[in-house]
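A structural walkthrough
One letter stands for each residue in the lines below.
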Amino acid sequence: PRNAASPAVSQVGEARAKDFSFLLRPDIYHPLTPLNVPLAFRNSPKQPDPAASLDELLAKGHFRAAAISAVQQLTGSGLDSNVVDPTDSSRIFSLLYTRLACLTLIDATPLAAHEVKALEDLNNARAYVDDATGEHLVPWELRVLNVRLQSLGFGDPRRAVMSYHELAREARDRAKRDEAARDLWRARLHDLGVKVAGALVDMGDLPGAAHHLASLHDTGDAKVVLSRA
């Protein structure tokens, strides 16, 4: 059975797989009505094909339809949707990231900020860290997006600054230890630096944001210049 209270752990053979059935509950997700879609777009001849896959919807920029499709797959509510294995963390978090990212892209960030609360605390190792490998089960992109959405959802912008710094410590440590992926972690560290500035702007601390951006090191590919702008 799905547990609405907190992440559970289920026994699968001899291996213990995390049970994420609490993220598959339909009541978590809000319906997207066409009322906020301009009439010209509602009647556009370029509506997405109802049979299009999620990848096709994303590739063609149909983010509203993609957000709906992601939830249908998560909850098994679509006509052709199969029930998601509650221990299939890779698929669940991929669909959830698609849902939340698409909501932000269609100017439905308040809905995303409400739905992301279902994740609760991603720092909960018992819930979100693989017991065998010690790796975090939630993709990095979702962990980063979760920071801003949860800070909005709980009305606490300071929470975002602290959470970004926690992720930055992890990225810095991984950059030191993982030589093969050092460039990736350095790029992620730079991205977090920019997001800290964004969080400071959300807090109304514009001088602090400007000072923080000025302290970022140039990566040599004009990203810092663009970020400052």
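On a predicted model such as this, the values are computed, not experimentally measured, just so you know. (Residues numbered from 1 in each chain as written. Predicted model: local features only at pLDDT ≥ 70, side-chain atom pairs only at ≥ 80, totals over all residues. Heavy atoms only, no water.)

Counted by the stated rule, this structure contains 5 aromatic pairs. Arranged with centres 6.1 Å apart and planes meeting at 45°, the rings of F20 and F22 form a pair that is tilted. Accessibility assignment for this pair places F20 and F22 in one class, buried. Ring geometry for F20 against F93: centres 4.9 Å apart, planes inclined by 70°, an arrangement best described as edge-to-face. Separated by 73 residues along the polypeptide, F20 in the loop between β2 (15–19) and α1 (39–42) and F93 in helix α4 (residues 89–105) bring together distant segments of the chain. (Phe/Tyr/Trp six-rings, centres within 6.5 Å; stacked < 30°, edge-to-face > 60°. Buried < 20%, exposed > 50% of the residue type's maximum accessible area, 1.4 Å probe, protein only. Helix = DSSP H or I, 4+ residues; strand = E, 2+ residues; numbered from the N terminus.)

The next point concerns the packing of helix α3 (residues 63–75) against α4. With their axes 8 Å apart at the nearest point, α3 and α4 run at an angle of 150° to one another. Here α4 runs roughly antiparallel to α3, going by the angle between their axes. In the packing of α3 onto α4, the handedness of the crossing is left-handed. Along its contact with α3, which presents F63, A66, A67, I68, A70, V71, Q73 and L74, the element α4 presents R91, I92, L95, L96, T98, R99, C102, L103 and L105. Grouping the amino acids of the contact of α3 with α4 by side-chain chemistry returns 13 nonpolar, 2 polar and 2 charged. (Axes fitted to C-alpha atoms, helices over the stretch in contact; angles between N-to-C directions. Parallel < 35°, antiparallel > 145°, perpendicular 65-115°, else oblique. Left-handed = near helix turned anticlockwise from the far one by under 90°. Contact = heavy atoms within 4.5 Å. Nonpolar A, V, L, I, M, F, W, Y, C, P; charged D, E, K, R; others polar.)

What follows deals with unusual backbone geometry. We note that D107 has phi near 65°; this positive angle belongs to a residue other than glycine. Counting through the fold element by element, D107 comes out in the loop between α4 and α5 (109–115). For D107, a relative accessible area of 68% puts it in the exposed group. Phi angles above zero are rare outside glycine, and E120 is one such case at about 55°. Along the chain, E120 falls in the loop between α5 and α6 (125–128).

Inspection of the entire model under this criterion finds 8 salt bridges. Of the charged contacts in the structure, one is a salt bridge between R99 and E115, with a shortest N-O distance of 2.8 Å. Taken as a pair, R99 in helix α4 and E115 in helix α5 lie far apart in primary sequence, 16 residues in all. For R99, a relative accessible area of 1% gives the class buried. A salt bridge links R188 to E141; the shortest N-O distance between them is 3.9 Å. With R188 in helix α9 (residues 182–202) and E141 in helix α7 (residues 140–153), this residue pair connects regions lying 47 residues apart in the sequence. (Salt bridge = Lys/Arg side-chain N within 4 Å of Asp/Glu carboxyl O.)

The next subject is the confidence of the model for the protein. This prediction gives the protein a mean pLDDT of 87; 91% of its residues lie at or above 70. Within the protein, strand β1 (residues 8–12) has the poorest average pLDDT of any element, 44, and α4 the best, 97. Within the model, pLDDT remains below 50 along residues 1–6, and this stretch shows 13 contacts once partners closer than five positions in the same chain are excluded. Segment residues 8–14: pLDDT under 50, and 15 contacts once partners within four positions in sequence are set aside and those in other chains are kept. (pLDDT = per-residue confidence, 0-100.)

Topologically, D49 is positioned in the loop between α1 and α2 (54–59). Separated by 37 residues in sequence, D49 and P86 have C-alpha atoms that sit 29 Å apart.

Soluble globular proteins: nonpolar side chains tend toward being buried together. By size, the foremost hydrophobic cluster in this structure holds 36 residues, and its most contacted members are L23, F93, L96, L100, L119 and Y128. No other element matches α4, which puts 8 residues into this core. When neighbours within four sequence positions are excluded, L119 is seen to be in contact with L23, F93, L96, Y128, N146 and Q150. (Core = buried A, V, L, I, M, F, W, Y, C linked by side-chain atoms within 4.5 Å.)

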